[in-house]
Amino acid sequence: MFAVPENTIAVAGAPAASHPALVARAYAADRARWRDQLSYDPDQRYTALIDSTDGQEVWLMTWLPGQSTDLHDHGAVSGAFTLVSGTLTETVARGGERPAEVLNALSAGQTRVFGPGYVHQVTNTGTDPAISIHVYREGRPPMGRYRLDPVTGPQPV
């Protein structure tokens, strides 16, 4: 199943079958669609655009042990990612009256959903490479970078 954070917004008029979580799961299950693009980069997380259709982009990402993103958001874009293999840890940073970091340990088959203002970091804390499929509505935007302030929560860098 997939987890839906509180700040995920539904797009009016979008068919349920096009929900980014369902698209990510379908692509994750269909390895023939992206197998030829599978690669690993020893210096940084590897990314490859698999498909761009119906207002969404689908990306393949590979993660060697220790590779991660910075703490970031995806602007006004919503989307989802499904872990195909390996393990990833997602750190979600929340602000407000009670700032917090929430850790989500992800294993193969799990999906996370994100929406505007969702600040997170994804890391391969495991000992094996990981593969994930990411879907972004309206395309993959530049990531907004953050630092976590223990008193006020995520702050733009």
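First, a word on what this report is: a plain description of the structure on this page. Residue positions are given per chain, counting from 1 as you read along its sequence in written order. pLDDT decides what is reported in this predicted model: residues at 70 or higher carry local features, side-chain atom pairs at 80 or more are listed and counted, and totals for whole chains, interfaces and linings draw on all residues regardless. Hydrogens are left out, water is left out, and the side-chain values use all remaining heavy atoms of the structure.

**Some remarks on the overall build of the chain**
In step 1: Counting from the N terminus, the helices are DSSP H or I runs at least four residues long and the strands are E runs at least two residues long. Helix and strand content of the chain: one helix and 12 strands.
In step 2: Going from the N terminus to the C terminus, the chain shows its helices and strands as β-α-β-β-β-β-β-β-β-β-β-β-β.
In step 3: Residue burial is assigned from relative accessible area. The probe radius is 1.4 Å, only protein chains are included, and a residue is buried under 20% of its type maximum, exposed over 50%, and partly exposed in between. Taking all 157 residues of the chain together, the buried fraction comes to 44%.
In step 4: A separation threshold of at least 6 residues defines the contact pool for the chain, and within that pool the share at least 24 residues apart is 72%. Whether two residues are in contact is decided by their heavy atoms: any pair within 4.5 Å suffices.

**Regarding the nonpolar core**
In step 1: Met-61, Trp-63, Leu-83, Leu-88, Val-122, Ala-130 and Tyr-136 are the most contacted members of the largest nonpolar core, which totals 14 residues.
In step 2: Taken together, the elements giving at least two residues each to this core come down to strand E3 (56–63), strand E5 (79–85), strand E6 (87–94) and strand E10 (130–137).
In step 3: Take this core: its biggest share by element is three residues, from E3.
In step 4: To qualify as a nonpolar core, a set must consist of buried Ala, Val, Leu, Ile, Met, Phe, Trp, Tyr and Cys residues joined through side-chain atoms within 4.5 Å. By size, the runner-up hydrophobic cluster in this structure holds 12 residues, among which are Val-23, Ala-24, Tyr-27 and Val-58.

**Concerning the pairing of E5**
Strand residues, when the strand is regular, have side chains that alternate between the two faces of the sheet.
In step 1: Here E5 lies mainly inside the structure; six of its seven residues are buried.
In step 2: Relative to strand E8 (residues 111–114), E5 runs antiparallel, the two being bridged by four bridges. Looking at the pairing, Ala-80 lines up with Val-113 of E8.
In step 3: Pairing between two strands is assigned when DSSP locates at least 2 bridges connecting them. Note that E5 and E10 share six bridges and pair antiparallel. What sits directly across from Phe-81, in E10, is His-134.

**Looking at the pattern of salt bridges**
In step 1: Note on definitions: salt bridges are taken to be side-chain nitrogens of Lys or Arg within 4 Å of carboxyl oxygens of Asp or Glu. For the structure on display, the rule yields five salt bridges.
In step 2: As a salt-bridge pair, Asp-30 and Arg-33 come within 3.9 Å of each other at their nearest N and O atoms.
In step 3: Residue Asp-30 is classed as partly exposed on the basis of its relative accessible area, which comes to 31%.
In step 4: The exposure class assigned to Arg-33 is partly exposed, which follows from its relative accessible area of 42%.
In step 5: Across the pair Arg-145 and Asp-70 runs a salt bridge whose closest N-O atoms are separated by 3.5 Å. Of this pair, Arg-145 sits in strand E11 (residues 144–149) while Asp-70 sits in the loop between E3 and strand E4 (72–73); the two residues are 75 residues apart in sequence, bridging distant segments of the chain.
In step 6: Owing to a relative accessible area of 38%, Arg-145 belongs among the partly exposed residues under this scheme.

**A closer look at the packing of aromatic side chains**
In step 1: Think of it this way: a Phe, Tyr or Trp ring, Trp meaning its six-membered ring, pairs with another when their centres are within 6.5 Å, and the plane angle makes it stacked under 30 degrees, edge-to-face over 60, tilted otherwise. Enumeration according to the criterion identifies one aromatic pair in this entry.
In step 2: Relative to Tyr-136, the ring of Phe-114 lies with its centre 5.8 Å away and its plane at 50 degrees, an arrangement referred to as tilted. Placement of the pair is Phe-114 in strand E8 and Tyr-136 in strand E10, with a sequence separation of 22 residues. With respect to class, Phe-114 is no different from Tyr-136; both count as buried.

**A word on the environment of Val-77**
In step 1: With respect to the helices and strands, the residue Val-77 is situated in the loop between E4 and E5.
In step 2: By relative accessible area, which is 11% here, Val-77 ends up buried.
In step 3: Note: C-alpha distance between Val-77 and Glu-138 (61 residues apart in sequence) is 6.8 Å.

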